[in-house]
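Structure at a glance
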Amino acid sequence: MNLFRRGHAKDAPALPVLRTQRLVLRAFDPCDTVDVFNYAKSDRVGPMAGWQPHTCMEDSRRVVEGFIREGDVWAVVEKSSGHVIGSVGLHRDIRRSVQGARELGYALGEKHWGRGYATEACAAVLDYAFGKLDCPVISAGHFPFNSASRRVIKKLGFHYDGALRHACVLPDGSVSDLMLYSLTRDEYRAAHG
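Residues numbered from 1 in each chain as written. Predicted model: local features only at pLDDT ≥ 70, side-chain atom pairs only at ≥ 80, totals over all residues. Heavy atoms only, no water.

**Things to note about the nonpolar core**
Judged by nonpolar contacts, the single largest core of 33 residues is most densely connected at Leu104, Leu126, Ile138 and Phe158. Of all the elements in the fold, those that place two or more residues in this core are strand 2 (23–27), strand 3 (73–78), strand 4 (84–92), strand 5 (102–108), helix 4 (117–131), strand 6 (137–142), helix 5 (147–155) and strand 8 (175–184). No other element matches helix 4, which puts ten residues into this core. For Leu126, the contacting residues outside a window of four places in its chain are Leu104, Gly131, Ile138, Leu156, Phe158, Leu183 and Tyr188. Of all hydrophobic cores here, the second largest spans 15 residues; its members include Val24, Ala49, Val64 and Phe67. (Core = buried A, V, L, I, M, F, W, Y, C linked by side-chain atoms within 4.5 Å. Buried < 20%, exposed > 50% of the residue type's maximum accessible area, 1.4 Å probe, protein only. Helix = DSSP H or I, 4+ residues; strand = E, 2+ residues; numbered from the N terminus. Contact = heavy atoms within 4.5 Å.)

Below, the structure written as structure tokens:
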């Protein structure tokens, strides 16, 4: 399962540029292929999100083209370096029939793990989703072995819904559960004023 290719939010407007203290989130550009390859070739990044590590620049080019075509994934740019260090997607939630439900997905280059970048980027996307798009609910998920992603999801205020057992075939062919969470618009607004 690729948490970034879950379903396009076709009724969502074009991606706006979102800025945080240390990051700029913007639409992907074909020129981002080299940066994407630099983090996606890691044998630790892709498997945490359910996709194979990129083995060549062509893999990254195809992914970037898909992000551009689908229009629901931001490039996460580190302000200090100007490089794309990851991605955050806000996809149509295919598990829910509620109009406007979205699913959050993200990946971050391994050398940027543990710095709070994923939480910072996802918080900006949640603010946009609940504030501008008026989403009623946003879901997020992680594999049982991805404790770092679990921490990000919990920091963002999501509530645990349960495990979807035998949900995904991983790149190595094994089958994994998916730990699912949700955050409603009302919960978000109560926590953020």
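**What about the environment of Cys31?**
Within the secondary structure layout, Cys31 lies in the loop between strand 2 and helix 1 (33–40). Counting along the chain gives 121 residues from Cys31 to Val152, while the straight-line C-alpha distance between them is 29 Å.

**Here we look at helix 5**
Because an α-helix completes one turn every 3.6 residues, residues spaced three or four positions apart along the sequence face the same direction. Listed in full, the buried residues belonging to helix 5 are Ser149, Val152 and Ile153. One side of helix 5 carries all its buried residues, which in axial view fall inside an arc of 95 degrees. At its buried positions, helix 5 is contacted by strand 5, helix 4, strand 6 and strand 8. One or two steps after helix 5, the chain reaches Gly157, where phi turns positive at roughly 95 degrees. (Arc of directions from axis to C-beta.)

**Considerations on the layout of surface pockets**
Any empty space left between atoms is shown by rolling a water-sized probe over those atoms. As a volume, the largest pocket reaches approximately 510 Å³. Residue lining of the largest pocket: 27 residues in total, with Trp113, Asn146, Ala148, Ser149 and Val152 positioned closest to the centre. Taken together, the elements giving at least two residues each to the lining of the largest pocket come down to helix 2 (45–49), strand 5, helix 4, strand 6 and helix 5. Top contributing element to the lining of the largest pocket by residue count: helix 5, with six residues. Within the lining of the largest pocket, the residues separate by chemical class into 14 nonpolar, ten polar and three charged. Taken as a whole, the second largest pocket holds about 200 Å³ of empty space. Every element with two or more residues in the lining of the second largest pocket is listed here: helix 1 and strand 4. Per element, the largest residue contribution to the lining of the second largest pocket is three residues, and it comes from helix 1. Its residues assigned to classes, the lining of the second largest pocket shows three nonpolar, six polar and four charged. (1 Å grid on protein atoms, 1.4 Å probe; cavity = no way out; pocket = protein on both sides within 12 Å on 5 of 7 lines; lining within 4 Å. Points joined across faces, edges and corners; volume = space filled by probe spheres on them. Nonpolar A, V, L, I, M, F, W, Y, C, P; charged D, E, K, R; others polar.)

**Examining the pairing of strand 6**
Within strand 6, six of the six residues are buried, which leaves the element mostly enclosed by the surrounding structure. Residues Val137, Ser139 and Gly141 line one face of strand 6 and the alternating positions Ile138, Ala140 and His142 line the opposite face, and both faces are buried. As judged from the two bridges shared by strand 5 and strand 6, these two strands associate in the parallel manner. Within the sheet, the bridge partner assigned to Arg102 lies in strand 6 and is Ile138. With helix 4 bridging strand 5 and the parallel strand 6, this β-α-β connection has right-handed handedness. One ladder, built from six bridges, connects strand 6 with strand 8; its direction is antiparallel. Counted as the bridge partner of Val137 is Thr184 from strand 8. (Pairing = 2+ DSSP bridges. Right-handed = clockwise from strand over helix to strand, strands pointing away.)

**Focus on the sheet that holds strand 4**
Read from one edge to the other, the open sheet built from eight strands follows the order 1-2-3-4-5-6-8-7, with strand pairing classed as mixed. Looking at the sheet topology across the chains shown, the edges are occupied by strand 1 (18–19) and strand 7 (159–169). Strand direction decides the pairing type here: strand 1 and strand 2, joined by two bridges, are antiparallel. Across the sheet, residue Arg19 finds its bridge partner in strand 2, namely Val24. Set on the sheet, helix 4 makes contact with strand 1, strand 2, strand 3, strand 4, strand 5, strand 6 and strand 8; between it and strand 5 the angle comes to about 155 degrees. (Axes fitted to C-alpha atoms, helices over the stretch in contact; angles between N-to-C directions.)

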